[in-house]
Amino acid sequence: MAAEAKELKLRKSNREILPPQPDEDVSSLAADKIVTPGQLVMKRFLRNKLSLIGMSILVFMFIFSFLGPVITDYSYSQVFKYDDLNLIQMYEPPSAEHWMGTDGNGMDVMTRLMYGGRISLTIGFVVVFVEIFIGVILGGVAGFYGRFLDGLIMRLVDIFNCIPFLPIMLIVGAIVNELDIDKSKNIYILMLVMGLLGWTGIARIVRGQILSLREQEFMVATEATGLKPSRRIFKHLVPNVIPQLIVIATLGLGGIILTEAALSFLGFGVRPPVPSWGNMINAVNQSYILKAFPWTWIPAGFLILLTVLAFNFVGDGLRDAFDPKMKR
Amino acid sequence: MRQYIIRRLLISVIIIFGVSIILYSIIRAMPVNYIDSVMRGNPLITPARIDEMKDLYGLNDGIFEGYFKWLGNAVKGDFGNSFISGQPVLEDISSRMWISFWLSFISLIFQLLIAVPLGIIAATKQYSRTDYAVTVLALVGISMPGFFFAIILQQVFAMGLGWLPLQGMIDARNHQFMTTFQQYMDYLVHFIMPITVLTLISIGGLMRYTRTNMLEVLNSDYIRTARAKGLSEKTVIYKHAFRNTLIPIVTILGGTLPSLFAGAMITESVFAIEGLGRAGLNAISRGDIPYIMAFNTFLAILTLLGTLMADITYAVVDPRVRLS
């Protein structure tokens, strides 16, 4: 520990002596200190302006949708009425009480946007997790064992690849809507199905990587030391695929949020009164409402666009940062 | 090569078989029942009559029985009659397919005309302002929810400015009195917004793809050779590099060809275009089992054909690839 601290100090002092270099490249860095691959990736990532913008949008979205509901007193399905009359405050324009106005049911749009964001982001992460879980296990097994298991799993991948995604999600959405369960719970089933349908891409990439890694010396070494296959796959092979997985997961998150929005927009995803950004746009399906009360649907659309864009910026930046061929 | 294609096609048959089993069991689990939804609220219909109707439509069969009945007929090329229109499903599909095809085909041409040049410019000026602008445009296209963009276009150009028709394919009042040329123009005017939406939401992928491939080509040795020979930058980029970038682009184009027929569900339904996608959505919400089955099987076949065509064009265009 002490030696490390000393070295750190030394490095710091070294840096102070050296004049600041505007565009240090890797070779000059390596001369005065050792850069781990992780630091290198981090450095490349932070140098990309778009990914920084993406990161800040994401931080904002997380604060907005996970902290926001804690701060506000309104609940997402609270119907506001005028005090003296028993009338619902339909389509109130933005005001001090309702920052984004109210929608056709007299509910506060701002609060619904926050809860909607919570649902969209949660769905994204859960689905990506399910996809990676299935994809890594099946892809890893297929790549490692090859032959019969490989053939079987790859045919399964082919079958799942050919199932038309949107139509099937619509049908599943219709089935889930009729199930006798709590309206706020049915989204979990949808997440599971989306994950079940979407793992094939990840399985393919994991398999392809493992096929090429399996022949390398370090894998021969693991075999020679007599490690169990499961340990060799998940401890030695899969970590080598993690950079690609992170990139796919980030880019996939955006795609899943888009799909959820489209499903909810068509009325097959998240069901009102539970809000989601997609079904908030669906709620205003007549053109005169669209025209007269833009605050009820435009913010939701822009939040979808911004969030997905941010995930794409970050994913793109990560891909460039992980790619050793990209020099800047 | 021929052997490879035959083997792939045989595997495809097995895959389609697997897909159709999954599809059928999911579809039969649907809560919407066509007979129930049509007969609902009709006081003259007795339960016995409903049961009889369900027998007639094959809705009383179990999943296995129903599936093998469907499969037996489908193998013979008979996909049954659509519950909604009463016509053979294949006729329904083939009549709507071309509307969807023209919509996506025109959009594809626009995508190519915009995405390929922009992708190449972005790659030649890597990390410049232009590159950033193209990247942002591409990612905005990828991230844009199609339905949201469609509604905004409708608000601005149809409701606000009144330049374009809101939805539909023809001007219902005047279409029949028009000359043939005017009728085509009428279609065209109605197609402007849907094509814009389709182009924007799918342009990003192609642009990124072109840029990545162009970058790869620009970093290769033969480009360095061309520059070392003293060729002008224009010749290097538009003659040597561009031709090699075309290889992967042609490949994915081969892959998209079948999917042109699939129809765009969301765009078509927002703009009320009578293509395959809108009909599919309608069939799903009303429980038209024969149509849904045929439509989804059709989509699965298109996907398989797409990957096969991509692989074949790849081998044809790039002599280094050997199919085995």
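Residues numbered from 1 in each chain as written. Chains lettered and ligands numbered in written order. Predicted model: local features only at pLDDT ≥ 70, side-chain atom pairs only at ≥ 80, totals over all residues.

Novice: Just give me the short version of the overall build of chain B, but keep the residues and values in it.
Specialist: Helix and strand counts for chain B stand at 13 helices and zero strands. Along the chain direction, N to C, the helices and strands of chain B fall in the order α-α-α-α-α-α-α-α-α-α-α-α-α. Overall, chain B is about 85 × 55 × 35 Å in size when its C-alpha atoms are taken along their principal axes. Expressed as a percentage of its 324 residues, the buried residues of chain B come to 35%. Of the contacts made within chain B by residues no fewer than 6 positions apart, 73% connect residues no fewer than 24 positions apart. (Helix = DSSP H or I, 4+ residues; strand = E, 2+ residues; numbered from the N terminus. Buried ≥ 20, exposed ≤ 12 C-beta atoms within 10 Å, placed from the backbone. Contact = placed C-beta atoms within 7 Å.)

Novice: Talk me through the overall build of chain A; I want residue IDs and the actual numbers.
Specialist: Looking only at helices and strands, chain A has 14 helices and zero strands in total. From first element to last, N terminus to C terminus, chain A shows the α and β order α-α-α-α-α-α-α-α-α-α-α-α-α-α. The buried share of chain A, taken over its 328 residues, is 41%. Taking all contacts inside chain A whose residues are at least 6 apart in sequence as the whole, residues at least 24 apart take part in 70%.

Novice: Can you break down the interface of chain A and chain B residue by residue, with the values?
Specialist: In this assembly, 35 residues from chain A lie in contact with 33 residues from chain B. Going through the elements one at a time, α6 (147-162), α7 (165-178), α11 (229-265), α13 (287-292) and α14 (298-322) of chain A are the ones with two or more residues in the side of chain A that touches chain B. Tallying contributions element by element places α7(A) first for the side of chain A that touches chain B, with nine residues. In terms of residue class, the side of chain A that touches chain B is built from 24 nonpolar, five polar and six charged. (Nonpolar A, V, L, I, M, F, W, Y, C, P; charged D, E, K, R; others polar.)

Novice: Lay out unusual backbone geometry in plain terms, naming residues and giving numbers.
Specialist: Residues and elements named next belong to chain A. One non-glycine residue, Arg147, lies in positive phi territory at about 50°. Assignment of secondary structure puts Arg147 in helix α6. Take Arg147: there are 8 C-beta atoms within 10 Å of it, and that puts it in the exposed class.

Novice: Run through the environment of Met185(B), naming residues and quoting values.
Specialist: Here Met185(B) shows up in helix α8 (residues 180-218). Met185(B) gets classed as exposed once you count the C-beta atoms within 10 Å, which come to 12.

Novice: With reference to specific residues and values, describe the domain arrangement of chain B.
Specialist: Residue and element names in this part refer to chain B. The assigned domain composition of chain B is domain 1 (2-75) and domain 2 (90-317). Computed from C-alpha atoms alone, the centre-to-centre distance between domain 1 and domain 2 is 32 Å. At the interface, 16 residues of domain 1 touch 14 residues of domain 2. Listed by contribution, the elements that provide at least two residues to the side of domain 1 that touches domain 2 are α1 (2-28) and α2 (34-39). Per element, the largest residue contribution to the side of domain 1 that touches domain 2 is 10 residues, and it comes from α1. Per-class residue counts for the side of domain 1 that touches domain 2 are 11 nonpolar, four polar and one charged. (Domains from an automatic or database assignment.)

Novice: Lay out the packing of helix α9 (residues 200-213) of chain A against α11(A) in plain terms, naming residues and giving numbers.
Specialist: All names here are of chain A. Orientation of α9 relative to α11, taken along the N-to-C sense of each, is 145°, at an axis distance of 10 Å. Handedness of the crossing formed by α9 with α11: right-handed. Residue-level inspection shows Gly201, Ile202, Ile205, Val206, Gln209, Ile210 and Leu213 of α9 in contact with α11, the latter providing Leu237, Asn240, Val241, Gln244 and Ile248. Residues of the contact of α9 with α11, tallied by class, amount to eight nonpolar, four polar and no charged. (Axes fitted to C-alpha atoms, helices over the stretch in contact; angles between N-to-C directions. Left-handed = near helix turned anticlockwise from the far one by under 90°.)

Novice: So what's going on with α14(A)? Which residues, and what values?
Specialist: Between its first and last C-alpha, α14(A) extends 36 Å over 25 residues, near the 36 Å set by a 1.5 Å rise per residue. α14(A) sits mainly inside the fold: 19 of its 25 residues count as buried. (Expected span 1.5 Å × (residues − 1).)

Novice: A description of the environment of Ile304(A) should follow, citing residues and the corresponding values.
Specialist: Considering the arrangement of structural elements, one finds Ile304(A) in helix α14. When the C-alpha positions of Ile304(A) and Lys228(A) are compared, they lie 45 Å apart, and in sequence the two are 76 residues distant. Those residues in contact with Ile304(A), other than ones at most four positions away along the chain, are Ile257(A), Ala261(A), Trp277(A), Pro145(B) and Phe148(B).

Novice: I'd like to hear about α8(B), residue by residue, with values.
Specialist: In this model α8(B) runs just 49 Å from its N-terminal to its C-terminal C-alpha over 39 residues, more than 12% under the 57 Å that 1.5 Å per residue would give. Along α8(B), the sharpest change in direction is near 40° and occurs at Phe191(B); proline Pro194(B) comes one to four residues later. (Bend = angle between axes of the 7 residues up to and from the residue.)

Novice: Go over the environment of Ile189(A) with me, naming the residues and quoting the values.
Specialist: Residue and element names in this part refer to chain A. In this structure, Ile189 sits in helix α8 (residues 186-198). A residue is classified by how many C-beta atoms lie within 10 Å of it, and Ile189, with 15 of them, is partly exposed. When the C-alpha atoms of Ile189 and Thr102 are compared, they prove to be 30 Å apart, with 87 residues separating the residues in sequence.

Novice: Account for the nonpolar core, naming residues and giving values.
Specialist: Counting 146 residues, the largest nonpolar core has Phe147(B) and Phe295(B) as the members making the most contacts within it. No other element matches the 16 residues that α11(A) contributes to this core. Residue-level mapping places this core at the junction of two domains, with at least three residues from each of domain 1 (2-75) and domain 2 (90-317) of chain B. Non-local contacts of Phe295(B), meaning those with residues more than four positions away in its chain, are made with Ile93(B), Leu276(B), Gly280(B) and Ala283(B). (Core = buried A, V, L, I, M, F, W, Y, C linked by C-beta atoms within 7 Å.)

Novice: Residue-level account of the confidence of the model for chain A, with values.
Specialist: Looking at chain A as a whole, the pLDDT averages 80, with 86% of positions reaching at least 70. Low pLDDT (under 50) marks residues 1-22 of chain A, which in the prediction has two contacts with non-local residues, meaning those over four places away or in another chain. (pLDDT = per-residue confidence, 0-100.)

Novice: So what's going on with the packing of α14(A) against helix α6 (residues 129-143) of chain B? Which residues, and what values?
Specialist: How two helices sit against one another is set out by the angle between their axes and by the gap between those axes. Look at α14(A) against α6(B): their axes get within 9 Å of each other, and the N-to-C directions meet at 130°. Judged by the inter-axis angle, α14(A) sits oblique to α6(B). Relative to α6(B), the crossing made by α14(A) is right-handed. Contacts between α14(A) and α6(B) involve Leu305(A), Val308(A), Leu309(A), Asn312(A), Phe313(A) and Asp316(A) from the first element and Leu139(B), Val140(B), Ile142(B) and Ser143(B) from the second. For the contact of α14(A) with α6(B), the class distribution of residues is seven nonpolar, two polar and one charged. (Parallel < 35°, antiparallel > 145°, perpendicular 65-115°, else oblique.)

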